[in-house]
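Here is how the chains run, residue by residue.
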Amino acid sequence: DATGLETAPGAVLGATRLAIRGLSDGRQPIVHRESGVIVVCNGEIDNAPELRAWLESRGHMVEQATDVAVLPGLYLELGEQFAERIVGAFAIALWDPKERRLLLARDRAGEKPLFYYAAGDAIRFATEAAALAADPSAILTPDREALANYLRFGSFAAPTTPFREIRKVAPAEVIVFEERGERRRRYWRWEIASASKETGSLERFDEIFREAVRRQSEVDVPFGVFLSGGIDSSLVAAVAKSLRPDKPLRAYTLRFGEPSYDEGSFAEHAARALGLESVSVWVEAEAFPSEIAGLIRNVGEPLADPAWIPTALLARRAAEDVKLALVGEGADELFGGYPTHVGVEFAEAYARWPRAVRALARGLVARWPASDKKVTVSFLLKRFVAAAEMEGLARHRLWVSNIAPNLLARLGVQERGDDPSPRDGAVLDLVQRWDLENTLAEGLLTKADRASMQSALELRAPFLDTAVMEFAATLPARERVRGATSKVFLKRFALRYLPRENVQRRKRGLSVPLSRWLRGPLHDWAFSRLEDARLRTAGVDPAAALALLEEHKTRRADHARAIWSVAVLSEWLRWADARTRRG
């Protein structure tokens, strides 16, 4: 909607704006007249009205109407602690000319990305790695260790990126650059392991969650919802509709031709029950090769989640109508919604079985044939027995691995040894925090942001509101997982807004029929990427990768996620090769 540039002694800050709030007066960069402080921000400051009133009570008049206009005054009042007062999704860069100080700050959950590249006496920053890679003076080299971690978990853990020279600001982190050096500080963490536990109050959570949805939907542009028909997105949609009953609300849903992957009928049922207009976007395998190349070119990093492409297609369609969409991300991590969370208790019981019985179980599960259907019993059991006898968090990390260590070894990838697992809490607490800080922040939110922003669509997740996250941390384990039931408290709460059949429906999640597609319409594309000699840059043996593809094609094993991850890495290496050679 607008582009701005501000030059000052020692600094140049720029911003390209997607206008969500303060449409008439939202120019960036924002310059504080008296101090000369300059701020740019990607994202939304949800508590801007409260911050504006507080600043004005202290003599700081906020001139612009946009929400991010509160940031200079907030910094002048609170200094480096200013980010702790902000509620929202944000990536912020602030230049203080008096102190010759640059601050980079990122929101608590990691909804908005922020990268930087320090070389010589210059620091460059951007919300995408591709922007920094576009600098013709940048000398960039692939980071083999970070790429190995990508293959294992599907994304990059801050501060790493695929390039050794480009670093990433972590969620809930402020980095300060001054003439005397660099300082990093984490200003918040989800303290589920140490939080006092109490039975959740439905009334209290209703207040908290409705306020989160209200703030995130209080915008000056049309908004919609991404709706799968599952409990999380349906709950967001139901609360949004109850808060704004007279406002037209469209629900955008992905559709697949394969019945076990298609949730369209559930989403349409939920949309009808809530009085929403439903818009469907069909996903076909043929779109994947060109779409993944375009996504990598735009953002400058690989991401192994195959749902990246469907999410981008959904965002592209939604952007024809709206500038913002509410989503259900975060509920599984906060309230105990994954099969691996249920598996914590079952693994403890399994470990007490006699060794001979466990060996028999492993043998039976190993012989269970693979299936192309979505999240099958065979897939879950194979993952379960592979790690069930390991220590709690290490077991979980193996369960959620994108490529298991034994397959990485076959590919020739040398993985750095895992750091010792923290033991300062109950296993379920530690597992959920790991998912929030890694699977969500570095993977799912990365996917959501990169998929949507290329179409100028803002995605907001009410479950990631600070008060919602802190409420979830206080729930006892039995309120999150009980036996084979996940999200116990959230399901009880959802009955206030949703029909029982929607609440009790088995979790499916967004995934793609990769197994079948890699044997069919995507096979030749995958073959061309796996045979690329550039994979050796990341330590991957192309011959070993092709062997996995052959085993997959002949149904000797299901290697779909491993094949996809390596193929996406190969696509990124093609793009990165020109940048590294230029240097």
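Throughout what follows, the structure given in this document is the object of discussion. On a predicted model such as this, the values are computed, not experimentally measured, just so you know.

The rules behind the values
- Residues numbered from 1 in each chain as written.
- Predicted model: local features only at pLDDT ≥ 70, side-chain atom pairs only at ≥ 80, totals over all residues.
- Heavy atoms only, no water.
- Helix = DSSP H or I, 4+ residues; strand = E, 2+ residues; numbered from the N terminus.
- Rg over C-alpha atoms; globule rule 2.2 N^0.38 Å.
- Buried < 20%, exposed > 50% of the residue type's maximum accessible area, 1.4 Å probe, protein only.
- Contact = heavy atoms within 4.5 Å.
- Pairing = 2+ DSSP bridges.
- Axes fitted to C-alpha atoms, helices over the stretch in contact; angles between N-to-C directions.
- Expected span 1.5 Å × (residues − 1).
- Parallel < 35°, antiparallel > 145°, perpendicular 65-115°, else oblique.
- Left-handed = near helix turned anticlockwise from the far one by under 90°.
- Nonpolar A, V, L, I, M, F, W, Y, C, P; charged D, E, K, R; others polar.
- Phe/Tyr/Trp six-rings, centres within 6.5 Å; stacked < 30°, edge-to-face > 60°.
- Salt bridge = Lys/Arg side-chain N within 4 Å of Asp/Glu carboxyl O.
- Right-handed = clockwise from strand over helix to strand, strands pointing away.

1. Things to note about the overall build of the chain
Then, number 1: The helix and strand inventory of the chain stands at 23 helices and 18 strands.
Then, number 2: For 583 residues, the compact-globule estimate of 2.2 N^0.38 gives 25 Å, and the chain sits close to it at 24 Å.
Then, number 3: Projected onto its principal axes, the C-alpha positions of the chain cover 75 × 60 × 45 Å.
Then, number 4: Classification of the 583 residues of the chain by burial places 59% in the buried group.
Then, number 5: When contacts within the chain are restricted to residue pairs at least 6 apart in sequence, those whose partners lie at least 24 apart make up 73%.

2. Here we look at unusual backbone geometry
Then, number 1: Each neighbour pair has its own omega, and for Q28 with P29 the value is 0°, a cis peptide bond.
Then, number 2: Tracing the sequence through the fold places P29 in the loop between β2 (11-17) and β3 (30-31).
Then, number 3: The omega torsion across A158 and P159 is 10°, close enough to zero to call that bond cis.
Then, number 4: Assignment of secondary structure puts P159 in the loop between α4 (144-153) and β9 (166-168).
Then, number 5: The backbone of A172 shows a phi angle near 60°, a positive value even though the residue is not glycine.
Then, number 6: Structurally, A172 is set in the loop between β9 and β10 (173-178).

3. Observations concerning the sheet that holds β10
Then, number 1: Strand order in the open sheet formed by six strands is β3-β4-β5-β6-β10-β11, and the pairing between neighbours is antiparallel. Whereas interior strands pair on both sides, the edge strands pair on one side only; in this sheet they are β3 and β11 (181-186).
Then, number 2: In terms of strand pairing, β10 meets β11 through six bridges, oriented antiparallel. The partner of V174 across the bridge, within β11, is R185.
Then, number 3: Taken strand by strand, helix α2 (residues 71-78) contacts β3, β4 (38-45), β5 (88-96) and β6 (101-106), and its axis lies near 110° from that of β4.

4. Here we look at the environment of S280
Then, number 1: Position of S280 relative to the elements: it lies in strand β14 (residues 277-283).
Then, number 2: It is 9.9 Å that separates the C-alpha atoms of S280 and A318, two residues lying 38 residues apart in sequence.
Then, number 3: With near-sequence residues (within four places) excluded, S280 lies in contact with T253, R255 and E268.

5. Topic: the pairing of strand β8 (residues 122-126)
Then, number 1: Where strand β7 (residues 115-119) lies against β8, five bridges are found, and the strand directions are antiparallel. Looking across to β8, one finds that Y117 is bridged to R124.
Then, number 2: The turn joining β7 and β8, which pair antiparallel and follow one another in sequence, is formed by two residues; a positive phi near 65° is taken by G120.

6. Thoughts on the sheet that holds strand β16 (residues 458-460)
Then, number 1: Taking strand neighbours across the sheet as the criterion, the five strands line up as β14-β13-β12-β15-β16 in an open arrangement whose pairing is parallel. Strands with a single pairing partner mark the edges of an open sheet, and in this sheet they are β14 and β16. Within this sheet the neighbouring strands show an average axis-to-axis angle of 30°, counted without direction.
Then, number 2: Note that strand β12 (residues 223-226) and strand β15 (residues 324-326) share three bridges and pair parallel. Paired with G224 across the strands is A325, a residue of β15.
Then, number 3: Sheet contacts for helix α7 (residues 264-274): β13 (250-256) and β14; angle to β13, the most-contacted strand, approximately 165°.

7. Observations regarding the environment of G88
Then, number 1: By secondary structure assignment, the location of G88 is in strand β5.
Then, number 2: According to the relative accessible area criterion, G88 is buried, its value standing at 14%.
Then, number 3: Setting aside residues no more than four positions away along its own chain, G88 makes contact with E44, D46, D107 and R460.

8. Details of helix α8 (residues 288-299)
The periodicity of an α-helix, 3.6 residues per turn, causes residues three or four places apart in sequence to face the same way.
Then, number 1: Between the first and last C-alpha of α8 there are 16 Å, a value that for 12 residues agrees with the 16 Å anticipated at 1.5 Å per step.
Then, number 2: Of the positions making up α8, those classed as buried are F288, E291, I292, G294, L295, I296 and V299.

9. Some points on the packing of helix α14 (residues 392-399) against helix α16 (residues 427-453)
Then, number 1: Put simply, α14 and α16 touch, their axes get as near as 9 Å, and they point 40° apart. With respect to α16, the element α14 is oriented oblique. Of the two possible hands of crossing, α14 and α16 adopt the one that is right-handed. Contacts between α14 and α16 involve G392, L393, R395, H396 and R397 from the first element and V427, L430, V431, W434 and D435 from the second.
Then, number 2: By residue class, the composition of the contact of α14 with α16 is five nonpolar, two polar and three charged.

10. Re the side chain of T446
Then, number 1: Among the secondary structure elements, T446 is positioned in helix α16.
Then, number 2: Beyond its immediate sequence surroundings of up to four residues, T446 is in contact with E301, L303, L440 and A441.

11. Considering the packing of aromatic side chains
Then, number 1: Evaluation of the coordinates by the stated rule reveals 20 aromatic pairs.
Then, number 2: Measuring from ring centre to ring centre gives 4.7 Å for F209 and F463, while their planes differ by 35°; the resulting arrangement is tilted. Of this pair, F209 sits in helix α5 (residues 202-217) while F463 is found in the loop between β16 and α17 (466-472), placing the two residues 254 residues apart along the sequence.
Then, number 3: Ring centres of F335 and F463 lie 6.2 Å apart, and the angle between their planes is 70°; on these two criteria the pair is classed as edge-to-face. One end of the pair, F335, is in helix α10 (residues 331-335); the other, F463, is in the loop between β16 and α17, with 128 residues separating them in the sequence.
Then, number 4: Taking relative accessible area as the criterion, F335 reaches 1% and is therefore assigned buried.
Then, number 5: Taking the relative accessible area as the measure of exposure, F463 reaches 0% and is therefore buried.

12. Some points on the pattern of salt bridges
Then, number 1: Enumeration over the complete set of coordinates arrives at 54 salt bridges.
Then, number 2: The shortest N-O distance in the salt bridge between D143 and R167 comes to 3.6 Å. Residue D143 is located in the loop between α3 (129-133) and α4, and its partner R167 is located in strand β9; the two are separated by 24 residues in the primary sequence.
Then, number 3: The class for D143 is buried, based on a relative accessible area of 11%.
Then, number 4: With a shortest N-O distance of 2.9 Å, R184 and E173 are connected by a salt bridge.

13. Considerations on the packing of α8 against helix α9 (residues 308-318)
Then, number 1: Relative to each other, α8 and α9 sit at 80°, their axes nearing to 10 Å. On the basis of their axis angle, the class for α8 and α9 is roughly perpendicular. Note on element contacts: α9 touches α8 through W308, I309, P310, A312, L313 and R316, opposite F288, E291, I292, L295, I296 and V299.
Then, number 2: Looking at the contact of α8 with α9 residue by residue, the classes come out as 10 nonpolar, no polar and two charged.

14. Quick word on the pairing of β12
Then, number 1: Burial of the side chains of β12 extends over both faces: F223 and V225 are buried on one face and G224 and F226 on the other.
Then, number 2: Read as a crossover between parallel neighbours, the route from β12 over helix α6 (residues 231-243) to β13 is right-handed.

Honestly, it's all geometry; don't read function into it.
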